[in-house]
Amino acid sequence: MSLSRDHALQTANILTEALPYIQKFTGKTLVIKFGGNAMIDEQLKQSFARDIVLMKLVGINPVIVHGGGPQIGKLLEKLNIESHFVDGMRVTDSKTMDVVEMVLGGAVNKLSLIHISEPTRPY
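What you see is a predicted model; the values in this text were computed from it and never measured.

The rules we used
Residues numbered from 1 in each chain as written. Predicted model: local features only at pLDDT ≥ 70, side-chain atom pairs only at ≥ 80, totals over all residues. Heavy atoms only, no water. Helix = DSSP H or I, 4+ residues; strand = E, 2+ residues; numbered from the N terminus. Polar contact = N/O pair within 3.5 Å; in protein donor to acceptor, adjacent residues only side chain to side chain. Contact = heavy atoms within 4.5 Å. Buried < 20%, exposed > 50% of the residue type's maximum accessible area, 1.4 Å probe, protein only. Core = buried A, V, L, I, M, F, W, Y, C linked by side-chain atoms within 4.5 Å. Expected span 1.5 Å × (residues − 1). 1 Å grid on protein atoms, 1.4 Å probe; cavity = no way out; pocket = protein on both sides within 12 Å on 5 of 7 lines; lining within 4 Å. Points joined across faces, edges and corners; volume = space filled by probe spheres on them. Nonpolar A, V, L, I, M, F, W, Y, C, P; charged D, E, K, R; others polar.

Draft legend 1. Just the side chain of Thr96, in detail. Following the sequence through the fold, Thr96 ends up in helix H4 (residues 94-117). At 2.7 Å, the side chain of Thr96 and the side chain of Asp93 are in polar contact. Each residue touching Thr96, except ones within four places of it in the same chain, is listed here: Leu76, Ile81, Arg90 and Val91.

Written out as C-alpha cells, the structure is:
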C-alpha cells in the first residue's frame, strides 16, 4: 500500500493526536455503540471497522453494541406491524420483539462481523 506524501502526513498527524488516548486505554475494555443510522452509510461502516481493528492492534479491547433501529423499522413496515414509541423509545410487544431478534441477530450482526473481520473489502 503506497501513500501520497499528503496522505502519509495526515495519517501521522491523526496517530500523533490519538497517541495519548491509545496510551490511556491500552489494556482496557471499551464499550462502543455502532448505531443503526451509522450502519446505513457504507463509508461509515468501513471507517468504523478500520477503527475497531486499529484498537485491537494497539491493545484496546472494544466491545461493540450494535443498533438497528432503521432496519427494524423498515422490516416492521414491510410486515405491516405498527411501531409505537414513548419518549423516543420503541415499545416492544411480542410481535415486534420477533422482528427485533431477526434483524439484530441476523443481518445486522453478520454485516458488523464481516466489516470488522475484513475492513478493506468493498461491499
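Structure's up, so let's keep going.
Draft legend 2. Up close: unusual backbone geometry. The backbone of Asn80 shows a phi angle near 55°, a positive value even though the residue is not glycine. A relative accessible area of 72% means that Asn80 is categorised as exposed. Phi is positive for Asp87, close to 50°, though the residue is something other than glycine. The topology assignment puts Asp87 in the loop between strand S3 (84-86) and strand S4 (89-91). By relative accessible area, Asp87 is classed as exposed at 79%.

Draft legend 3. Representation of the nonpolar core within the structure. Counting seven residues, the largest nonpolar core is built from Ile32, Phe34, Met39, Phe48, Ile52, Met55 and Ile60. Within the residue set of this core, elements represented by two or more residues are strand S1 (29-34) and helix H2 (42-57). Per-element tally for this core: the top contributor is H2, with three residues. Counting residues in each nonpolar core, the second largest holds six residues, with Ile72, Leu76, Ile81 and Val99 among its members.

Draft legend 4. Representation of H2 in the model. With 16 residues, H2 extends 23 Å from end C-alpha to end C-alpha; this agrees with the ideal 22 Å at 1.5 Å per step. Among the residues of H2, those classed as buried are Lys45, Gln46, Phe48, Ala49, Ile52 and Met55. Within two residues after H2, Gly59 carries a phi angle of roughly 95°, on the positive side.

Draft legend 5. The layout of surface pockets, seen in detail. A volume near 190 Å³ is recorded for the second largest pocket. Ala18, Tyr21, Ile22, Phe25, Leu30, Asp51, Leu54, Met55, Val58 and Ile60 together form the lining of the second largest pocket. Those elements giving two or more residues to the lining of the second largest pocket turn out to be helix H1 (5-25) and H2. The greatest single-element share of the lining of the second largest pocket, amounting to four residues, is contributed by H1. Grouping the constituent residues of the lining of the second largest pocket by class yields nine nonpolar, no polar and one charged.

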